[in-house]
Amino acid sequence: MENMWQHEEETMSLDELRQFQLERLQSTLNRVSENVDFYKNKFKQCNIDITKIKSLDDIKYLPFTTKQDLRDNYPYGMFAVPLKDIVRIHSSSGTTGKPTVVGYTRRDLETWKNLVARIMVAGGVSANDIVHIAFSYGLFTGGFGLHYGAEHIGASVIPVSSGNTKRQIMIMQDYRSSVLVCTPSYALHIAETMQNEGISRNDIYLKYALLGSEPWGEKIRAEIESRLGVTATDNYGLSEIIGPGVSGECLYKNGLHINEDHFYAEIINPDTGEVLPEGEKGELVLTTLTKEAMPLIRYRTRDITRLFRDKCPCGRTFIKMEKPSGRTDDMLIINGVNVFPSQVEEVFKEFDQATPHYMIFIKKKGHLDLMEIQLEISENLFFDEMKKQRALLEKMNERMFNVLGIKPKIKFVEPKTIERFEGKAKRVIDERQF
Amino acid sequence: MKMLKVKSLFVNYGAVEALKNISLHIKEKEFVALIGSNGAGKTSLLNAIMGIVKPKDGEVIFNDKNITGFPPERKVKEKIALVLEGRRVFANMTVLENIEVGAFTSDNKNFIKRLKFIYDIFPVLKERSWQPAGMLSGGEQQMLAIARALISEPKLLLMDEPSMGLAPLVIKDVYEKLLILKETGLTIFLVEQNAAAALKYADRGYVLENGKIVLQGKSKELLEDNEIKRAYLGKEYKEKWER
């Protein structure tokens with residue numbers, strides 16, 4: 001039996017778990033139907049009497065919540081408590097234009113740090129560790145989420161944030177970081193940089209890596225583990241639900257245990273919305289069971305995975321999800337940042353000189369992701385002076401960074417060089433291998 | 001799961017829905033409080049669990065046995081006891097006679113042993129065992145009401161508003177006795193308007209509003225919850241802004 005942060009909860013019997021889930025689902029429904037206009041109206045529209053939800057199985061009668069619903073209620077429309085009870089606000093990129101906003105009450109933050117602490121302990125972290133957090137801090141939930149979880153365990157937390165890889169490596173060596181928290185691609189980039197600098201895995205002190213916020217496979221895991229000398233585990237979360245802390249692997253590295261006492265997970269057929277039996281692959285749908293500030297009912301994560309309940313040797317009874325294997329929408333994850341192709345289009349629309357013809361290429365540059373956008377520009381501009389072109393490029397780059405949160409590489413190409421599509425345009429070419 | 005499980009319980013009084021889709025549980029040796037204001041449905045819930053009113057829908061499961069709709073005397077046989085609101089001791093009967101009343105369903109062979117157990121916890125009842133119950137103070141009457149319920153050797157003790165009409169210091173006495181009883185292995189579920197007192201001593205809590213449960217959690221979490229502070233703990237706050 002492994003170390004656990006909340007042993008009683010994490011090893012709960014299925015019978016007890018089901019009772020907790022039912023109680024919490026019902027009270028969440030009672031609160032949202034009272035306090036959130038969106039749900040009040042939605043239930044009315046769909047003719048739903050929430051007192052008819054008498055078992056967990058009945059959840060299938062409830063409507064889904066989508067990212068678009070969150071956008072429509074921007075910024076605070078989904079909150080179930082008055083703003084004065086909100087003590088933290090994060091946000092994530094929206095599909096187009098406005099981002100989605102999430103709020104936390106004091107109790108939500110308490111819950112959050114405990115859930116992250118569970119996942120970190122499951123990944124091997126203890127109070128004796130020095131936790132090196134190389135996620136960016138800010139509106140994204142990654143940095144702060146892992147930070148408070150690690151602090152709650154009692155580990156020594158270094159909030160390094162992202163970027164400046166050589167300095168990261170110096171800190172790892174000098175401060176003796178024992179746990180690395182970042183995206184898998186950044187972990188590989190660190191390994192690569194170390195190699196270039198002639199630093200071996202024996203020169204650093206890392207034991208564990210808790211990696212997340214982008215898809216990765218066993219091949220990458222093996223490479224990270226051998227090059228950095230760590231045990232690497234995956235963890236999963238999304239800011240709309242809470243951030244990191246939704247699920248995470250234990251040291252047996254066979255699926256991510258979902259914190260089921262706080263989130264009810266279903267797998268649906270993304271086309272029909274029908275609930276699929278346990279074990280089948282489909283879209284993950286999550287319902288928050290304890291969130292106060294922004295409870296979400298049947299939120300469509302758009303992540304494709306499979307749920308299974310095995311007898312995990314770690315002793316945890318929570319159901320597991322496989323590493324997400326894809327998306328049901330066109331969202332791209334670039335160095336851990338969520339990007340929608342529609343955002344690119346929105347930016348181009350702001351510029352008269354841009355034509356509607358563009359292509360997005362996602363490549364690997366070393367171990368990091370690179371987003372290259374090829375854009376056709378008008379003939380006049382293309383043969384115009386370089387200065388004007390460069391000024392435009394600069395402006396576009398700046399806008400892209402503001403909207404996407406990452407810096408793509410924009411390339412102007414001659415008119416009529418980009419493929420024209422009949423029917424549905426396929427403007428994204430993802431050349432990465434997971 | 002050991003102990004009490006309530007699943008999607010409904011209670012109607014004529015056309016009035018007193019309880020709507022109530023689910024809750026109390027684990028063995030846990031001390032759980034349900035808080036709610038007047039008319040929220042607290043007493044209805046206890047009555048439904050105890051079998052005094054018949055639920056319209058839903059289940060009451062005790063140690064994996066479905067006991068929904070069992071009458072009160074069968075509930076006592078199942079080792080559940082209820083301490084009613086307002087104590088209701090028989091004022092003209094002695095303290096001991098009051099306790100004996102509680103033993104009417106159980107066999108007598110354990111009575112002496114049980115009485116000793118009760119007197120150990122409530123020495124004041126032993127001292128006053130020959131006095132009429134009407135002579136006792138409010139707090140002592142509450143303890144007598146608890147003693148009367150305990151004589152049937154319940155595993156689960158249900159209580160309706162133990163703090164009602166009692167002075168703060170006396171409330172503290174009563175709750176401290178409950179903690180001692182919890183230590184002996186008793187499972188306790190009580191309903192209270194006095195959220196501050198109940199949540200101070202209970203392990204977990206539920207919040208009932210208009211016949212529905214709107215919040216639950218560990219007592220410590222609930223005591224720090226802004227909604228509860230506003231609604232039940234009378235904490236003032238200045239509104240800085242409102243959405």
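Since we're looking at a predicted model, the values are computed, not measured.

Caption draft 1: Broad picture of the domain arrangement of chain A. Residue and element names in this part refer to chain A. With domains assigned, chain A is organised as domain 1 (7-329) and domain 2 (337-430). Each partner contributes residues to the interface: domain 1 has 9 residues there, and domain 2 has 11 residues. Tallied by class, residues from the side of domain 1 that touches domain 2 come to 1 nonpolar, 7 polar and 1 charged.

Caption draft 2: Quick peek at the sheet that holds strand β18 (residues 368-377) of chain A. All names here are of chain A. What the 4 strands build is an open sheet, ordered β19-β18-β17-β20; its pairing is mixed. The sheet terminates laterally at β19 (409-413) and β20 (428-430), the two strands that pair on one side only. Strand-to-strand twist in this sheet, taken as the mean axis angle between neighbours without regard to direction, amounts to 20°. Pairing of strand β17 (residues 354-365) with β20 involves 3 bridges; the strand directions are parallel. Bridging from a neighbouring strand, Phe361 pairs with Ile429 of β20.

Caption draft 3: Quick look at the nonpolar core. All names here are of chain A. Grouped together as the largest cluster of nonpolar side chains are 87 residues, with contacts concentrated most on Val181, Ala187 and Ala209. The biggest single contributor to this core is helix α5 (residues 106-122), with 8 residues. Beyond its immediate stretch of four places on either side in the chain, Ala187 contacts Leu180, Cys182, Ala209, Leu211, Ile224 and Leu228.

Caption draft 4: Region of the structure containing unusual backbone geometry. Residues Tyr74 of chain A and Pro75 of chain A are joined by a peptide bond in cis, for which omega reads -5°. Along the chain, Pro75 of chain A falls in the loop between α4 (67-72) and β1 (86-92). Of note, the phi angle at Asn47 of chain A is positive, near 60°, even though the residue is not glycine. Locating Asn47 of chain A in the fold gives a position in the loop between α3 (37-45) and α4. For Asn47 of chain A, a count of 6 C-beta atoms within 10 Å gives the class exposed. A positive phi is found at Glu153 of chain B, a non-glycine position, where the angle reads about 55°. You can see Glu153 of chain B is positioned in the loop between α6 (138-150) and β7 (156-160).

Reading the values: rules and limits
Residues numbered from 1 in each chain as written. Chains lettered and ligands numbered in written order. Predicted model: local features only at pLDDT ≥ 70, side-chain atom pairs only at ≥ 80, totals over all residues. Domains from an automatic or database assignment. Contact = placed C-beta atoms within 7 Å. Nonpolar A, V, L, I, M, F, W, Y, C, P; charged D, E, K, R; others polar. Pairing = 2+ DSSP bridges. Helix = DSSP H or I, 4+ residues; strand = E, 2+ residues; numbered from the N terminus. Axes fitted to C-alpha atoms, helices over the stretch in contact; angles between N-to-C directions. Core = buried A, V, L, I, M, F, W, Y, C linked by C-beta atoms within 7 Å. Buried ≥ 20, exposed ≤ 12 C-beta atoms within 10 Å, placed from the backbone.

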